[in-house]
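Read off the chains here:
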Amino acid sequence: MHEVLGHASGKVPETLAGEPVDHLRETYNTLEEARAELLALFHGQDPLLLEIGALSDAAAAEESLRAYPRFALMQLRRIKQGDRIEDDHMRAAWMITQWLMRAKGVVAFVNEDGNTYARVTDLDGMRAGIAELTREIQRIKATGDYDAAKMLVDEYAIHFDPTLRDEVVARAARAGVPDFYAAVMPRMVPVVGADGVLVDVALGEPESFLDQMLRFDRAEQEWP
Ligand SMILES: [Zn+2]
């Protein structure tokens, strides 16, 4: 949903001179990652997902919201030094969470007995906030509003409290949470009936992580 509904959407009007990146410059990648995340979070709440069986339960949609600030907090374990986030994906998650927290008051980092927990304090407020920030970032992209882009990124995307990071690093180490992890994706094989119509999708032979990465790389090279 991040890649397809997010990155593949977001057309800008023909009246915009040049490309959005020409206007938004160093803020562009952070905002584009945030826009993709927000659209995934937004469409993840659509009841159509339950209807078509893409989600098994409405609780899964709700959990995608509750998990998001937790994910943003936990990513601090990867930044062992300093007080700045450099990666655009990480900046995007931090910006969304910090904006929902400080501009909207619908998310909070709550400290209990020395441990910080990320909490969604207002689910409907979070849904409304996601819609509002999506609109604002799309407006910034469509109009090339650099000043608004820079304000969002400087204020919400980059800086964090190193004391909080130290806590997250220590807790992640105690719990054995690695800085990064990767998964072998299931290989999906289309099953086509005698009439040439797709009838099912089967899971193919399992492959190793190395084989899968090499196959993805070959596929990319073969891309038309
Ligand atoms: Zn992305």
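Values in this document were obtained by computation on a predicted structure and should not be read as measured data.

Novice: What is the right way to read the overall build of the protein from this model?
Specialist: Regarding its fold elements, the protein presents 10 helices and 4 strands. Listing each helix as α and each strand as β along the protein from the N terminus yields α-α-α-α-α-α-β-β-α-α-α-β-β-α. Reported as C-alpha extents along the three principal axes, the dimensions of the protein are approximately 60 × 55 × 35 Å. Put simply, the protein has 224 residues, and 35% of those count as buried. Carbon and sulfur atoms form 56% of the exposed surface of the protein, whose accessible area is close to 13400 Å². Here the protein contributes 24 positively and 39 negatively charged side chains, and the mean placements of these two sets differ by 4 Å.

Novice: Which parts of the structure should I look at to understand the coordination of the zinc ion?
Specialist: Ideal coordination angles are 109.5 degrees for a metal with four donors arranged tetrahedrally and 90 or 180 degrees for a metal with six donors arranged octahedrally. Protein-derived ligands of the zinc ion are His2 (NE2), His7 (NE2) and Glu33 (OE), with the metal-ligand distances lying across 2.0 to 2.1 Å. Of note, the zinc ion draws all its donor residues from one chain, in the sequence arrangement H-x4-H-x25-E. What makes histidine 2 buried here is its relative accessible area of 17%. Its relative accessible area of 28% is what places histidine 7 among the partly exposed residues.

Novice: Explain helix α6 (residues 88-102) to me, please; I cannot follow it from the model alone.
Specialist: The periodicity of an α-helix, 3.6 residues per turn, causes residues three or four places apart in sequence to face the same way. Counted at 1.5 Å a residue, the expected span for α6 with its 15 residues is 21 Å, and the 20 Å between its end C-alpha atoms agrees. Here α6 lies mainly inside the structure; 12 of its 15 residues are buried. Residues Met90, Arg91, Ala92, Ala93, Trp94, Met95, Ile96, Thr97, Gln98, Trp99, Leu100 and Met101 constitute the buried set of α6. If you follow the buried residues of α6, they end up packed against α3 (28-43), α5 (58-74), β1 (107-112), α7 (123-143), α8 (146-157) and α9 (162-175).

Novice: I would appreciate a short explanation of unusual backbone geometry in the present structure.
Specialist: Excluding glycine, most residues fall at negative phi; most peptide bonds, likewise, are trans. Positive phi, close to 45°, is recorded for arginine 25, a residue that is not glycine. With respect to the helices and strands, arginine 25 occurs in the loop between α2 (20-24) and α3. Unusually for a residue other than glycine, aspartate 113 sits at a positive phi of about 50°. Note on placement: aspartate 113 falls in the loop between β1 and β2 (115-120).

Novice: I keep staring at the pairing of strand β4 (residues 198-203) and nothing clicks. Help me out?
Specialist: Within a regular beta strand, the side chains point alternately toward one face of the sheet and then the other, so they alternate between its two faces. For β4, a buried count of 0 out of 6 residues is recorded, marking the element as mostly open to its surroundings. The sheet contact formed by strand β3 (residues 188-192) and β4 spans 5 bridges and is antiparallel. Counterpart to methionine 188 in the pairing with β4 is leucine 203. The turn joining β3 and β4, which pair antiparallel and follow one another in sequence, is formed by 5 residues; a positive phi near 80° is taken by glycine 196.

Novice: It is not clear to me how a nonpolar patch on the surface should be interpreted in this structure. Could you clarify?
Specialist: A contiguous nonpolar patch, built from Val184, Met185, Phe209, Met213 and Phe216 and spanning about 430 Å² of accessible area, is present on the exposed surface. Among the structural elements, methionine 185 can be located in the loop between α9 and β3. Exposure remark for methionine 185: the relative accessible area of 47% places this residue in the partly exposed category.

Novice: Looking at this model, I keep getting lost on the domain arrangement of the protein. Mind explaining?
Specialist: Buried accessible area, meaning the area lost when the parts come together, often serves as the stated size of an interface. In terms of domains, the protein is made up of domain 1 (2-175) and domain 2 (188-222). Between the C-alpha centres of domain 1 and domain 2 the distance comes to 32 Å.

The rules behind each value
- Residues numbered from 1 in each chain as written.
- Predicted model: local features only at pLDDT ≥ 70, side-chain atom pairs only at ≥ 80, totals over all residues.
- Heavy atoms only, no water.
- Helix = DSSP H or I, 4+ residues; strand = E, 2+ residues; numbered from the N terminus.
- Buried < 20%, exposed > 50% of the residue type's maximum accessible area, 1.4 Å probe, protein only.
- Areas by Shrake-Rupley, 256 points an atom, 1.4 Å probe, with all protein chains shown as cover.
- Lys, Arg positive; Asp, Glu negative; His and termini not counted.
- Charge placed at Lys NZ, Arg CZ, Asp CG, Glu CD.
- Donors = N, O, S within 2.8 Å, 3.2 Å for Na, K, Ca; no water.
- Expected span 1.5 Å × (residues − 1).
- Contact = heavy atoms within 4.5 Å.
- Pairing = 2+ DSSP bridges.
- Patch = residues over 30% accessible without salt bridge, like charges linked within 9 Å, V, L, I, M, F, W, Y side chains within 5 Å.
- Salt bridge = Lys/Arg side-chain N within 4 Å of Asp/Glu carboxyl O.
- Domains from an automatic or database assignment.

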